[in-house]
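Structure at a glance
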Amino acid sequence: MTVRTRFAPSPTGFLHIGGVRTALFAWLFARRHGGQFVLRIEDTDRERSTEEAIQVILDGMEWLKLRPDEGPLYQTDRFPRYKEVADKLMAEGHAYHCYCSKEELDVMRAEQREKGEKPRYDGRCRNRAEPVPGVDPVVRFRTPEEGSVVVEDKVFGRVVFENAELDDLVLVRSDGVPTYNFSVVVDDMDMEITHVIRGDDHLNNTPRQINIYHALGAHPPTFAHVPMILGPDGSKLSKRHGAVSVLEYRQEGYMPEALLNFLVRLGWSHGDQEIFSVEEMIHLFDLEHVNKAASSFNPDKLLWINQQYIMKADGKQLGLDLWWQLERMGVDTKAGPEPEQVAEAFRQRAQTQHEMAQSALFFYQDFSGYHEKAAKQHLRPVALEGLERVRDGLTVLEDWRAEPIHDVIHSVAESLELKLGKVAQPIRVAVSGGPVSPPIDVTLELLGRERTLERLNRAIAFVGERAQAAAANG
RNA sequence: GCUCCGUUCGUCUAGUGGUUAGGACGCUGGCCUCUCACGCCGGUAACAGGGGUUCGAAUCCCCUACGGAGUACCA
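Residues numbered from 1 in each chain as written. Chains lettered and ligands numbered in written order. Predicted model: local features only at pLDDT ≥ 70, side-chain atom pairs only at ≥ 80, totals over all residues. Heavy atoms only, no water.

1. Overview of the protein's contact with RNA strand B
In the vicinity of RNA strand B lie 63 residues, with Arg109, Arg173, Gly267, Gln348 and Ser437 positioned nearest. Among atoms of RNA strand B positioned within 4 Å of the protein, sugar and phosphate together represent 70%. At a separation of 3.2 Å, a phosphate oxygen of RNA strand B approaches a polar side-chain atom of Lys236. Elements with a minimum of two residues in the surface near RNA strand B: helix H4 (102-114), strand S5 (138-141), strand S7 (157-162), helix H5 (180-190), strand S12 (295-296), helix H10 (299-312), helix H17 (420-432) and helix H18 (440-447). If you tally residues by element for the surface near RNA strand B, the top one is H10, at six residues. Here the residues of the surface near RNA strand B sort into 20 nonpolar, 21 polar and 22 charged. (Near = heavy atom within 4 Å. Polar contact = N/O pair within 3.5 Å; in protein donor to acceptor, adjacent residues only side chain to side chain. Helix = DSSP H or I, 4+ residues; strand = E, 2+ residues; numbered from the N terminus. Nonpolar A, V, L, I, M, F, W, Y, C, P; charged D, E, K, R; others polar.)

2. Here we look at the pairing of S5
Along S5, one buried face is formed by Val138 and Arg140 and the opposite face, lined by Val139 and Phe141, is buried too. Where strand S4 (residues 95-98) and S5 come together, four bridges link them in antiparallel fashion. For Tyr96, the partnering residue across the bridge sits in S5 and is Arg140. (Buried < 20%, exposed > 50% of the residue type's maximum accessible area, 1.4 Å probe, protein only. Pairing = 2+ DSSP bridges.)

3. Here's the deal with helix H15 (residues 381-395)
In this model, H15 (15 residues) spans 21 Å end to end at C-alpha, consistent with the 21 Å of a helix rising 1.5 Å per residue. The set of residues buried in H15 consists of Ala383, Gly386, Leu387, Val390 and Leu394. Buried residues along H15 cover an arc of 100° about the axis, so they all sit on one side. Packed against the buried residues of H15 are helix H14 (372-378), helix H16 (402-415), H17, H18 and helix H19 (449-473). (Expected span 1.5 Å × (residues − 1). Arc of directions from axis to C-beta. Contact = heavy atoms within 4.5 Å.)

4. Some details on the sheet that holds S5
Within a sheet, adjacent strands bond to each other through the backbone by hydrogen bonds, running parallel or antiparallel. The strand order across the open sheet built from three strands is S4-S5-S8, with neighbouring strands paired in antiparallel fashion. Where the open sheet ends on each side, the last strands, each with one partner, are S4 and strand S8 (170-172). Averaged over all neighbouring strand pairs, the angle between strand axes comes to 45°, with direction disregarded. (Axes fitted to C-alpha atoms, helices over the stretch in contact; angles between N-to-C directions.)

Here you go:
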């Protein structure tokens, strides 16, 4: 039997990292076993489902390359099938019509709660022979009254539920729309899902679903409930931390492989290994090493992993990503060096590509003013001679490459009997506006002769003005 | 309330009766160095609590505490 897993999100909110992690595990498991991965959109709740959310799910999974072998399938396309199965259950006595009103049920539950009992449907319509005129009934499942259901969960192990704890759940609403616990069973059965990998918030639903499988004469699939992902503070994931659309991570400059790597280590491990290529994940992933406890999302680690990926990323891709970020920021990338070369210079200096773009801005456009502290520290009269000599040396330099540029700066430092840093740092502030940049020779090469000389002259003038102002004041 | 589930450094985790409880992120000391990074060397910090079982428990059992989920004509 070939393995078939599925990811079945309901498009009622954005696809966030919790959902992605579940999808990743299901996808990895299918890949690992040479099986298929199905994407099913659970949109039976028409009130809350949105077209936008569906699009985010599709785009997000495409970005992460978590591509389904089948689907997207939509539950709203399958209503006739649910009806067919419900009718069968009715005909065989596994289900019955219930005419109770919402109010009636509320009263019933309130009374039970008062008595310290678990609120549950008491089966009052179980043996009703006649319909109630004018009332559209719901279809309820006739849960076995005795015995227990054993869930052999791949993650949680053996979990036993007493049927007496369960009640007769609604299968089909009065308007004919199936409920989750029913449609999910029909779908997983029809789609021949062998392994249901989903969030552990569904563990409690599992015995009910298993009972439905049995009533249908079907074999339940293997279940694996994966723990939830919490926010950095250990609270439920919210908009503040991870509960934003996954696509936001693309905008913030994370690489999809890095996000996947981060997510696979949330609740799963392979010894001490931290970095996994997608191929390695596929090769190594297993349900046995999935944790039982929820884990919280650590943004710093995501940043670190992303940086690791940037360092090793393909140069072309890095250039493309930097270009994309710059364009998004409204920068004219034609007005500066090739993004690919710039990205190379920043390879080890950025945790995200967005950060890289921010740092690289000075290659493409002029900065308005100097970083105050840096200017104060480095653009001083003592730096003047070095700046001028370097400018003069670079003006006549024939070969505009990092090495010869380095030689010019180095010899100026030597002739002034200064350490390289004493000469380089003022140049850095002069050309970048701030105290941080890639190695100075590389920076100048990328910046180009024209811009370099122009900015050097501007800095020289700046130092001159400052000296005059200081003299006037003091 | 009831049912089910969970609990190892701040965080992600290794660990399946005998370990100085290991690694990673973070933080931190140092080295490298033209800045920032990268890299390298070092430090910090954990078995929720209490009872058992055992020669011996992070590991097995029970209780408590805390956290989570379900208890819908949501999914």
